[in-house]
Amino acid sequence: MKITYLEFLRGMSCLFIVGWHMAFLAPIGHPTHLTAYWGTDALIMFFMLSGLVINLSESKKPKPLKDFIKNRFIRIYPQFVVGMLLGLIALYITSATFPSAKVLLGNFLILSTMKDYMGYVVPSIQSNLPVWSLSFEVAFYVLFSFTIGRNQKKALFYWFLISLIAIPLFFLRVERDVLTHIIAVLAFSSVWLIGYYIYEYRHYFYVEKYTVLFGLGILPLISRMQFSANFYDPLKYFIFAIFAIPFFRFCLQLPPAGKKIKMIYLMVPHSIFVIAALTIRYMPLTNTIVYSTFPYVYMAVGYAIDRLKLKQFVLKFIDKAGTATGKYSYPLYITHYTVLFVFSRSIHNVLIYALVSLPIIAVIAYGLENWFQPVVMHYFKRAKQQTTLSRPIDLPMPMFNELPLHAETV
């Protein structure tokens, strides 16, 4: 089941991340102060969207643990390996330092994190840094698989409680080791679980368009809050996820049901965030003023769309853009950085760097999704059929020595 707004969100989040990395690797320097937060915001949206979509998928068609793990493996790992191999080729082409056997193994086992910010188990290879987030995403899937069963709701509740406990523990840990990695995964899983619970309790609340726009405008201000020196702060992004709930509920495109979230519920905390930003000064005053106005700017844009009768045009754009970008979000994510890494070192003109990199990224993503992934799916489907046909079938004792004329296949 594809939901237009969710596909659009998936695609746009990926494009934000591509833009962030394009700026990060740009030949003229690293203007990350302009783009870093937007890319990280998009990543947190990805985590929430993942939790929501898993619940949506499992609610429509529940799968036993084995099938769930297998489906996730088929979807993620084959393309991940391609991304990693492209990353290794990029290291060779650019004559960059080749990782040790331990680092390679950790990367292929999806256990890597960024050396500068985390570096808990092994660092991600420098030609494909975004793979660090997959170590968290895959961990969320594994944790979720442990909850599958009769007591799933209770197991998920306990997991959520543990994730909340892990947030303060994250700040207490100063070592960069395996235990810290586990704590970090649990802390950030709170964001994934919020996404899961949005779909779980979708009929208990609803929100109207202008309240959604106001809430969406608060998010950039929240993501720039600083509770610690660590750029990837689970407390900040847990708060971010809480205020993103109305937006995700709206994206489900379901009729109103339950309690209405009123705009005043968002305006009060927004005022608190603005006062905190003006008092603590963790970012320049100009930035604080600009970000403080975003909720009202977003509502003004929504109002202008209504007044100019552009709603149908916007909906068509969301539908077409979501269809075009949502489908390719994963192959784009897993390969784009490698292409940018190569050309940022060989092309010194920013415009040419962009014009050469982007088409190649698009072609690779298209090929992976439309040619490579179908081959993988066909291989596993064929292997399953062969396993089913070769497996002995326990039959009841036939009456009058008659054997069945056909066997049911899966």
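First, a word on what this report is: a plain description of the structure on this page. Remember, predicted model here, so these are calculated numbers, not experimental data.

**Section: the packing of helix α5 (residues 131-147) against helix α7 (residues 178-200)**
Closest axis-to-axis distance for the α5/α7 pair is 9 Å, and the angle between their directions is 70°. Judged by the inter-axis angle, α5 sits roughly perpendicular to α7. Between α5 and α7, the contacting residues are Ser135, Phe136, Glu137, Ala139, Phe140, Tyr141, Leu143 and Phe144 on the first element and His181, Ala184, Val185, Leu186, Phe188, Ser189, Trp192 and Tyr196 on the second. Residues that form the contact of α5 with α7 fall into these classes: 12 nonpolar, three polar and one charged.

**Examining the packing of aromatic side chains**
Ring pairs (aromatic) are described by centroid distance and by the angle formed between their planes. Across all of its chains, the model carries 32 aromatic pairs by this definition. Pairing Phe46 with Tyr333 gives two aromatic rings, centres 6.2 Å apart and planes at 75°, and the pair type is edge-to-face. Highlighted residues: Phe46 in helix α2 (residues 32-60) and Tyr333 in helix α13 (residues 329-346), separated in sequence by 287 residues. The pair formed by Phe46 and Tyr333 is uniform in burial state, with each residue classed as buried. Between Phe157 and Tyr158, the aromatic rings sit 5.9 Å apart at their centres with planes inclined by 55°, giving tilted as the arrangement. Classification of Phe157 by relative accessible area gives partly exposed; the value is 42%. Overall, the relative accessible area of 47% leaves Tyr158 in the partly exposed class. A connected cluster of aromatic rings, assembled from ring pairs, spans Phe47, Phe68, Phe140, Tyr141, Phe144, Trp159, Phe160, Trp192, Tyr196, Tyr197, Tyr201 and Tyr204.

**Some thoughts on unusual backbone geometry**
In this structure, Ile110 is a non-glycine residue whose phi angle is positive, near 60°. Residue position: Ile110 is located in the loop between α4 (101-108) and β1 (112-113). Of note in the backbone geometry, Lys309 takes a positive phi value of approximately 55° without being a glycine. For Lys309, the location among the structural elements is in the loop between α11 (285-307) and α12 (311-326). Judged by relative accessible area, which is 75%, Lys309 ranks as exposed.

**What to know about α7**
Between its first and last C-alpha atoms α7 spans 32 Å; for 23 residues at 1.5 Å apiece the expected length is 33 Å, and the two agree. At Ser190, α7 shows its strongest bend, of approximately 30°. With respect to burial, α7 is a largely interior element, 19 of its 23 residues being buried.

**Re the environment of Ala244**
Residue placement: Ala244 occurs in helix α9 (residues 234-251). Note on Ala244: relative accessible area 0%, which makes it buried. Placed 29 residues apart in sequence, Ala244 and Gly215 show a C-alpha to C-alpha distance of 6.9 Å. Filtering out sequence-adjacent residues up to four positions away, Ala244 remains in contact with Met48 and Leu219.

**Some words on the pattern of salt bridges**
Here the structure, examined in full by the defined rule, presents nine salt bridges. The salt bridge involving Arg224 is made with Asp41; its shortest N-O contact spans 3.8 Å. One end of the pair, Arg224, is in the loop between α8 (209-223) and α9; the other, Asp41, is in helix α2, and 183 residues separate them in sequence. Classification of Arg224 by relative accessible area gives buried; the value is 4%. Across the salt bridge formed by Lys209 and Asp306, the nearest N and O atoms sit 2.5 Å from each other. Within this pair, whereas Lys209 is found in helix α8, its partner Asp306 is found in helix α11, the two being separated by 97 residues in sequence. Salt bridges sharing common partners tie together Arg173, Glu175 and Asp177.

**Overview of the nonpolar core**
Most often, soluble globular proteins keep nonpolar side chains buried together rather than apart. With 118 residues, the main nonpolar core has Phe136, Trp192 and Phe248 as its most contacted residues. The element contributing the most residues to this core is α7, with 14 residues. Dropping the residues within four chain positions of it, Phe248 is found in contact with Leu9, Met45, Met48, Leu49, Leu52 and Ile198.

**Describing a nonpolar patch on the surface**
A contiguous nonpolar surface patch, about 360 Å² in accessible area, is contributed by Phe157, Tyr158, Leu161 and Leu164. Here Tyr158 is to be found in helix α6 (residues 152-172).

**Section: the packing of helix α1 (residues 4-24) against α12**
Contact geometry for α1 and α12: axes closest at 7 Å, N-to-C directions at 60°. It follows from the interaxial angle that α1 and α12 lie oblique. Once α1 is placed against α12, the crossing between them reads as left-handed. Of the residues in α12, those touching α1 at Thr4, Tyr5, Glu7, Phe8, Arg10, Gly11, Met12 and Leu15 are Leu315, Phe317, Ile318, Asp319, Ala321, Gly322, Thr325 and Gly326. Its residues assigned to classes, the contact of α1 with α12 shows eight nonpolar, five polar and three charged.

Conventions and cut-offs
Residues numbered from 1 in each chain as written. Predicted model: local features only at pLDDT ≥ 70, side-chain atom pairs only at ≥ 80, totals over all residues. Heavy atoms only, no water. Axes fitted to C-alpha atoms, helices over the stretch in contact; angles between N-to-C directions. Helix = DSSP H or I, 4+ residues; strand = E, 2+ residues; numbered from the N terminus. Parallel < 35°, antiparallel > 145°, perpendicular 65-115°, else oblique. Contact = heavy atoms within 4.5 Å. Nonpolar A, V, L, I, M, F, W, Y, C, P; charged D, E, K, R; others polar. Phe/Tyr/Trp six-rings, centres within 6.5 Å; stacked < 30°, edge-to-face > 60°. Buried < 20%, exposed > 50% of the residue type's maximum accessible area, 1.4 Å probe, protein only. Expected span 1.5 Å × (residues − 1). Bend = angle between axes of the 7 residues up to and from the residue. Salt bridge = Lys/Arg side-chain N within 4 Å of Asp/Glu carboxyl O. Core = buried A, V, L, I, M, F, W, Y, C linked by side-chain atoms within 4.5 Å. Patch = residues over 30% accessible without salt bridge, like charges linked within 9 Å, V, L, I, M, F, W, Y side chains within 5 Å. Areas by Shrake-Rupley, 256 points an atom, 1.4 Å probe, with all protein chains shown as cover. Left-handed = near helix turned anticlockwise from the far one by under 90°.

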